[in-house]
Amino acid sequence: MTARLFAICLASALVIPAFGQTTLVPFAEMKVNGLIGGVQKGRWVAPDRAAKMMKEETEFVLVGKSGIEEGGVSLGKLIPPVPIEPCDDFYTVELELEMDEGVAIGSNAKWKLMPRMPKELSTVNATYKTIVASFLKGKGIVKPQVKITRVMRIDLDGDGTDEVLISATHYKQGTLPSAAKGDYSFVILRTSRGKAVTNHLLSGEFYTKAEEFGAPNQHDISAVADLNGDGKMEIILNGFYYEGDFTSVFEMKNGRPVEVKELGTACGV
């Protein structure tokens with residue numbers, strides 16, 4: 001067998017467990033305690049369908065900043081089993097082990113949830129502060145106050161080249177209904193191909209003028225993990241404002257992040 005043919009066979013073997021897995025593997029984001037959906041036979045399953053397919057009690061593997069948490073297996077269930085007003089499409093997941101961020105993945109997943117480990121970098125690194133300042137100026141914030149909340153380096157798609165996730169937030173008065181000029185919160189993914197580097201905005205908002213009722217959101221990185229067994233790692237984001245929370249998921253396609261429309265949840269008034 002040639003090396004190229006062996007590599008193709010190996011890559012195919014890596015995805016067989018996901019596409020051959022007939023039972024639902026559910027996901028829950030733990031900062032918002034919400035069901036964000038699942039995967040079955042290699043296809044994404046939206047939260048409403050996933051909720052109907054879940055057992056009364058489900059075992060989850062907990063994935064946080066440093067990968068799979070030590071002793072991170074917990075039983076969980078939907079509380080209540082159906083959504084209630086004002087969040088008619090929000091399903092709360094209650095775990096026996098508490099986590100203030102990260103993602104819980106059904107333990108029936110038959111693939112490696114963390115094929116590569118992320119590396120946390122300094123939030124006061126001068127290079128990344130310059131990158132964030134330049135990005136904010138491009139968004140119209142002329143004199144930004146740079147406040148990076150997280151920097152993570154990780155090869156998301158397994159091509160041998162690392163990507164960099166950066167989250168940054170500056171709200172002068174916190175996440176209150178009003179927003180001041182120069183306020184912002186965002187998450188970007190930096191990808192490189194040769195000498196070309198691209199900043200992809202995953203989520204965020206930028207205030208070039210004060211808004212009395214802007215209802216600003218804070219955007220953060222929750223976790224990275226392979227949610228569907230294809231060897232690529234998805235990005236799970238969370239966010240909140242003064243009256244609600246939300247979660248979104250991005251996958252890598254052709255070297256760039258694309259939001260997974262089927263996954264995610266939100267609850268707010």
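It should be noted that the structure appears before, not after, this text.
As the structure is a prediction and not an experimental result, all values here were calculated from the model. Numbering of residues starts from 1 in every chain and runs along the sequence as written. In keeping with the model being predicted, local features are shown solely for residues with a pLDDT of at least 70 and side-chain atom pairs are shown and tallied solely at 80 or more, while totals for entire chains, interfaces and linings include all residues. Side-chain numbers come from the whole structure's heavy atoms, not from hydrogens or water.

A. Quick look at the environment of phenylalanine 27. Each helix corresponds to a stretch of at least 4 residues labelled H or I by DSSP, and each strand to a stretch of at least 2 residues labelled E; elements are numbered beginning at the N terminus. Tracing the chain through its elements places phenylalanine 27 in strand β1 (residues 25-29). For each residue, the accessible area found with a 1.4 Å probe, counting protein chains only, is set against the maximum for its type, and the residue is called buried under 20%, exposed over 50%, and partly exposed in between. The class of phenylalanine 27 is buried, set by a relative accessible area of 0%. Along the backbone, phenylalanine 27 and glycine 37 are 10 residues apart, and their C-alpha atoms lie at a distance of 5.6 Å.

B. Broad picture of the nonpolar core. Take the buried residues of types Ala, Val, Leu, Ile, Met, Phe, Trp, Tyr and Cys, join any two whose side-chain atoms come within 4.5 Å, and each joined set is a nonpolar core. Counting 34 residues, the largest nonpolar core has Phe27, Ile105, Leu165, Leu227 and Ile235 as the members making the most contacts within it. When residues in this core are grouped by element, the largest group, four residues, is from strand β13 (residues 218-225). Excluding anything up to four places from it in sequence, isoleucine 105 contacts Val25, Pro26, Phe27, Glu59, Phe60, Val61, Val63, Leu113, Ala225 and Leu227. Counting 16 residues, the second-largest nonpolar core is a separate cluster that includes Met30, Phe60, Met99 and Ala104. We call two residues in contact whenever any of their non-hydrogen atoms come within 4.5 Å of each other.

C. Region of interest: the state of the cysteines. When two cysteine sulfur atoms are found within 2.5 Å, that pair is recorded as a disulfide. Summed over the entire model, instances satisfying the criterion amount to one disulfide. With a sulfur-sulfur separation of 1.8 Å, cysteine 87 is cross-linked through a disulfide to cysteine 267. A torsion of 80° about the S-S bond marks the disulfide between cysteine 87 and cysteine 267 as right-handed. One end of the pair, cysteine 87, is in the loop between β5 (67-78) and β6 (93-95); the other, cysteine 267, is in strand β17 (residues 265-268), with 180 residues separating them in the sequence. In this structure cysteine 87 comes out as buried when scored by relative accessible area, which is 7%.

D. Quick look at the sheet that holds β5. Strands are labelled as partners when DSSP assigns at least two bridges between them. Across the sheet, seven strands lie side by side as β3-β2-β1-β7-β4-β5-β6; this open sheet has antiparallel pairing. Since the sheet does not close on itself, it has two edges, and those belong to β3 (43-45) and β6, each with one partner. On average, each strand axis in the sheet is tilted by 35° relative to the strand beside it, whichever way the strands run. Bridge count for β1 against strand β2 (residues 34-40) is five bridges, and the pairing is antiparallel. Paired with glutamate 29 across the two strands is glycine 34, which belongs to β2. Note on definitions: angles span 0 to 180 degrees between N-to-C directions of axes, and those axes are lines fitted to C-alpha atoms, for helices only across the stretch in contact.

E. Seen up close, unusual backbone geometry. One non-glycine residue, asparagine 33, lies in positive phi territory at about 55°. Residue position: asparagine 33 is located in the loop between β1 and β2. Overall, the relative accessible area of 30% leaves asparagine 33 in the partly exposed class.

F. Region of the structure containing the packing of aromatic side chains. Within 6.5 Å between ring centres, the rings of Phe, Tyr and Trp (the latter by its six-membered ring) count as paired, and their orientation is classed by plane angle as stacked under 30 degrees, edge-to-face over 60, tilted in between. Under the counting rule described, the total for this entry stands at six aromatic pairs. Consider the rings of tyrosine 184 and phenylalanine 186, whose centres lie 5.9 Å apart with planes at 40°: the pair is tilted. Phenylalanine 186 matches tyrosine 184 in its accessibility class, with the two residues each being buried. Taken together, Phe135, Tyr184, Phe186 and Phe206 form an aromatic cluster joined through their ring pairs.

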